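Remarks on the overall topology
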Amino acid sequence: MHVQYSTELLGGLVAPLRERVSVLLDGEPAERLVQLQFIVANQGVRAIQPIKPLTLSLPSGVDLLDAHVLHIHPDGRHVGLLVSRQDDGATAIAFPFDVLNRDDGFVVRLLLTG
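These figures come from a predicted structure and were not determined experimentally. (Residues numbered from 1 in each chain as written. Predicted model: local features only at pLDDT ≥ 70, side-chain atom pairs only at ≥ 80, totals over all residues. Heavy atoms only, no water.)

1. Digging into the sheet that holds strand β8 (residues 91-95)
For clarity, the cut-off: For two strands to be treated as a pair, DSSP must find no fewer than two bridges joining them. Starting at the N terminus, helices and strands are each numbered in turn, a helix being any DSSP run of H or I of at least four residues and a strand any DSSP run of E of at least two. Between the N-to-C directions of two axes lies an angle of 0 to 180 degrees, each axis being a line fitted to C-alpha atoms and, for a helix, fitted only over the stretch in contact.
The strand order across the open sheet formed by three strands is β5-β8-β7, and the pairing between neighbours is antiparallel. For this open sheet the edge positions go to β5 (54-58) and β7 (82-85), each flanked by a neighbour on one side alone. Adjacent strand axes in the sheet meet at a mean angle of 20° when their direction is disregarded. Here four bridges tie β7 to β8, and the two strands are oriented antiparallel to one another. If you follow Val83 over to β8, its bridge partner there is Ile93.

This is the structure in structure tokens:
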């Protein structure tokens, strides 16, 4: 996995503008919003045929607001996206796929708070 892009959406605002901008989540102010975009690619020699889906875990206290697979290479390859909340409050994001051949990959974007 390679992080392609990460930004704190509200953190970069200058103080006078930050005081004028507010974001509400479920009626409560959100102090921190982070957008993260990353690439999962097979740059090895062999195809990847996972027994279990590749899974990303977010710790308790980090809330996943949105998740999308933005791009899949090659066209026609299927990559799923399954989100589940764990008993300990963590969030698991699974990416099931049948195979990633050499130079195959996908791009994921997450919107997080917390």
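Structure shown, so let's carry the discussion forward.
2. Remarks on the packing of aromatic side chains
Basically, it comes down to this: A pair of aromatic rings is counted whenever rings of Phe, Tyr or Trp (Trp by its six-membered ring) have centres within 6.5 Å, and the orientation is called stacked for planes under 30 degrees apart, edge-to-face for over 60 and tilted otherwise. Here the term buried applies to any residue with accessible area under 20% of the maximum for its type, exposed to any over 50%, and partly exposed to those in between, with areas from a 1.4 Å probe on protein chains only.
This model, assessed by the stated rule, comprises three aromatic pairs. Between the aromatic rings of Phe95 and Phe106, the centroid separation amounts to 5.7 Å while the plane-to-plane angle is 40°, which identifies the pairing as tilted. Of this pair, Phe95 sits in strand β8 while Phe106 is found in strand β9 (residues 105-113), placing the two residues 11 residues apart along the sequence. For the pair formed by Phe95 and Phe106, the shared burial category is buried.

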